[in-house]
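Architecture and fold: a report
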Amino acid sequence: MTNPTLFTPITLRNLTIRNRVWVPPMCMYSALGKDGVPTDFHRAHYGALALGGAGLVIVEATAVSPEGRISFHDLGIWNDDQVEAFKQITSLMRNNGVVPGIQIAHAGRKASTYPGWGYDGIDGSVPVEAGGWQTVSASANAFEGYAPAHALTEEGIAQVVADFAAAARRSVEAGFQVLEIHAAHGYLIHQFLSPLTNERTDDFGGPLKNRARLLLDIVRTMRAEVGEEIVLFVRFSATDWIEGGWNEEETSIVTDWVKDLGADTVDISTGGLVAGAKIPVGPGYQVPLAHYVKEHAHLPTSAVGMITTAAQASEIITSGRADAVMLGREHLRDPHFALRAAAELGENISYGTPQYQRAPFPRS
Ligand SMILES: Cc1cc2nc3c(=O)[nH]c(=O)nc-3n(C[C@H](O)[C@H](O)[C@H](O)COP(=O)(O)O)c2cc1C
């Protein structure tokens, strides 16, 4: 059997995604009302992506609770006002043939920070007296330069699992069809997965099964909450890029465990757990990790990271190294990347924006 191409649809459960050009979650730090509710900015930003021809757009890391936000400008999905505002974004996407996804997240010890921009010269943790909050993690330790976290108690862990389940229910109510669990980039779940940050001696620390327990509990509980129709993704950092850290072998084993509990796809990124890791950044540098997981585990696998051209994206799929590609910054440069890529590759796709038909790709 030949491999699919970039524009071959893919079906996960009963959901068909029209192509394999996907937009990964990208925090916009623009919920300015401090209440996690999407704003005009989000409607414009995701509206542009809804018209761009991608198959799936995953809305940025969205917190399960106020304490789970990276910053006080993050989106959240813990109340009904947020659900109502997200409905406008999901209907924009669905009405234009794009599958709406959302990344559900808890930042753990990397919470309560200033947004990445807009605070000239100030970054790192926001002190409690300046509106920040006490962070939590697997263990009482700190990301370099940040305030130390408190170790979650078992009751605290149960609350986090319940918060993910409630966030999943609300996300479905808001119209999302793909829910991605953020287990990457050094945020809470990754802090449990990696032996570099998890120093626990109870059922949530030590052997792989224990370090993975929080994630497994979340997948199981979310699946039970949303039923069989909704598609679940897990985003992993497949390596910490540090000797003795989390790696692609453990990622592959846990991929099969989450599959057994009802996950449908893994989204393979890397890094973010500790400062100072030496990362060989370059075009497609994370694709070999996605390929490794695809080869060693049994779930559809998506690749991400410095994929920027149609030819590069296409080759990753046709060579069978991943089942889909996500292009982040390239979609910020050009929300119509997928339409442009289809023209460059000579793909005769039937979708596009009829209102824009007098400006076709390629330029004529
Ligand atoms: C502005 C920005 C915000 C991001 N926010 C998130 C996020 O919310 N969740 C996440 O998992 N990754 C986040 N990322 C990482 C991207 O999803 C993606 O993995 C990364 O940018 C590499 O892909 P690229 O080279 O195509 O941009 C962010 C990246 C950027 C540039």
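Please refer to the structure placed before this passage.
Residues numbered from 1 in each chain as written. Predicted model: local features only at pLDDT ≥ 70, side-chain atom pairs only at ≥ 80, totals over all residues. Heavy atoms only, no water.

**Let's talk about the side chain of serine 269**
Heads up, the condition is: Secondary structure elements are taken from DSSP: a helix is a run of H or I of four residues or more, a strand is a run of E of two residues or more, and numbering for both begins at the N terminus. Relative accessible area decides the class of each residue, using a 1.4 Å probe on protein chains only: under 20% of the type maximum gives buried, over 50% gives exposed, and in between gives partly exposed. What makes two residues a contact is simply this: any of their non-hydrogen atoms within 4.5 Å.
If you trace the backbone, serine 269 turns up in strand β11 (residues 265-269). Its relative accessible area of 4% is what places serine 269 among the buried residues. If we ignore the near neighbours within four places in the chain, the residues touching serine 269 are His185, Arg235, Phe236, Ser237, Ala238, Gln286 and Val304.

**So, the side chain of aspartate 256**
The condition is simple: His residues and chain termini do not enter the charge count, which takes Lys and Arg as positive and Asp and Glu as negative. A carboxyl oxygen of Asp or Glu within 4 Å of a side-chain nitrogen of Lys or Arg is what we treat as a salt bridge.
Following the sequence through the fold, aspartate 256 ends up in helix α7 (residues 248-260). There is no salt bridge for the buried aspartate 256, and the closest opposite charge comes from lysine 259, which lies 6.0 Å off by N-O distance. Once you skip the residues sitting within four places of it in the chain, aspartate 256 turns out to touch His296, Ala297 and His298.

**Points about the pattern of salt bridges**
Side-chain pairs of opposite charge can arise whenever the charged atoms involved come near each other. By the definition in use, this model includes 18 salt bridges. When the shortest N-O distance is used, the salt bridge between arginine 223 and aspartate 264 registers 3.0 Å. Here the residue arginine 223 occupies a position in helix α6 (residues 213-226), and aspartate 264 occupies one in the loop between α7 and β11, the gap between them amounting to 41 residues. Both residues of the pair, arginine 223 and aspartate 264, count as buried.

**Some words on the site of the ligand**
In plain terms, the rule: We call a residue near a molecule or strand when any one of its heavy atoms sits within 4 Å of it. Polar contacts, as used here, are pairs of N or O atoms within 3.5 Å; protein pairs need one atom able to donate a hydrogen and one able to accept it. Residues neighboring in sequence count only if both atoms are side-chain atoms. Where accessible areas are quoted, they stem from the Shrake-Rupley method and a 1.4 Å probe; at the residue level, only the protein chains shown are allowed to cover. A pocket here means an open set of points on a 1 Å grid, computed over the protein atoms alone, that has protein on both sides within 12 Å along at least five of seven lines. A cavity is instead a set of points where a 1.4 Å probe fits but cannot get out; residues with an atom within 4 Å of a point line either one. Put plainly, a molecule is in a cavity or pocket when over half of its atoms are within 2 Å of the grid points there. Think of it as three bins: nonpolar holds Ala, Val, Leu, Ile, Met, Phe, Trp, Tyr, Cys and Pro, charged holds Asp, Glu, Lys and Arg, and polar takes everything else, Gly as well.
In the vicinity of the ligand there are 15 residues, among which Pro25, Cys27, Gln103, Met306 and Arg329 approach most closely. Glycine 328 is positioned such that a nitrogen or oxygen atom in its backbone is 2.8 Å from an oxygen atom of the ligand. One of the side-chain N or O atoms of arginine 329 is found 2.6 Å from an oxygen atom in the ligand. Contact with the protein chains hides 81% of the accessible area of the ligand, taken as 600 Å² for the molecule alone. Of all the cavities here, the one that holds the ligand is the largest pocket. When grouped by side-chain class, the residues that make up the shell around the ligand number 8 nonpolar, 5 polar and 2 charged.

**Considerations on the pairing of strand β4 (residues 56-63)**
Just so we agree on the cut-off: Note on pairing: DSSP must find at least two bridges between two strands before they are called paired.
Counting buried positions along β4 gives 8 out of 8 residues, so the element sits mostly inside the fold. Both strand β3 (residues 21-23) and β4 contribute to a ladder of 2 bridges, which runs parallel. Within the sheet, the bridge partner assigned to valine 23 lies in β4 and is valine 57. Direction of pairing for β4 relative to strand β6 (residues 99-105): parallel, over a ladder of 7 bridges. Across the sheet, leucine 56 pairs through a bridge with valine 99, a residue of β6.

**Some words on the layout of surface pockets**
The cut-off we apply is this: Grid points are joined across faces, edges and corners, and a volume is the space filled by probe spheres set on the points.
Computed from the structure, the largest pocket encloses a volume of approximately 1,000 Å³. Across the lining of the largest pocket, the residue classes tally to 22 nonpolar, 13 polar and 5 charged. As for the second largest pocket, its lining consists of 16 residues, and the residues nearest its centre are Leu339, Tyr351, Gly352, Pro360 and Phe361. Each residue belonging to the lining of the second largest pocket can be placed in one class, and the counts come to 10 nonpolar, 5 polar and 1 charged.

**Considering the environment of tyrosine 146**
Summarising the element assignment, tyrosine 146 is placed in the loop between β7 (136-137) and β8 (150-151). Looking at tyrosine 146, the relative accessible area reads 24%, which means it is partly exposed. Sequence separation of tyrosine 146 and threonine 135 is 11 residues, and the distance between their C-alpha atoms is 9.9 Å. Discounting residues that sit within four places of it in the chain, tyrosine 146 has contacts with Arg109, Lys110, Thr113, Gly124 and Ser125.

**Focus: the packing of helix α3 (residues 154-173) against α6**
The condition is simple: Axes here mean lines fitted to C-alpha atoms, for a helix over just the part in contact, with angles spanning 0 to 180 degrees between N-to-C directions. For a crossing to be left-handed, the near helix must be turned anticlockwise from the far one by less than a right angle; the clockwise case is right-handed.
Where α3 meets α6, the closest approach of the two axes is 9 Å, and the angle between their N-to-C directions is 35 degrees. Here α3 runs over α6; the crossing is right-handed. For the pair α3 and α6, contact is made by Ile157, Val160, Val161, Phe164, Ala165, Ala168, Arg169 and Val172 and by Leu214, Asp217, Ile218, Thr221, Met222, Glu225 and Val226, respectively. Its residues placed into classes, the contact of α3 with α6 shows 11 nonpolar, 1 polar and 3 charged.

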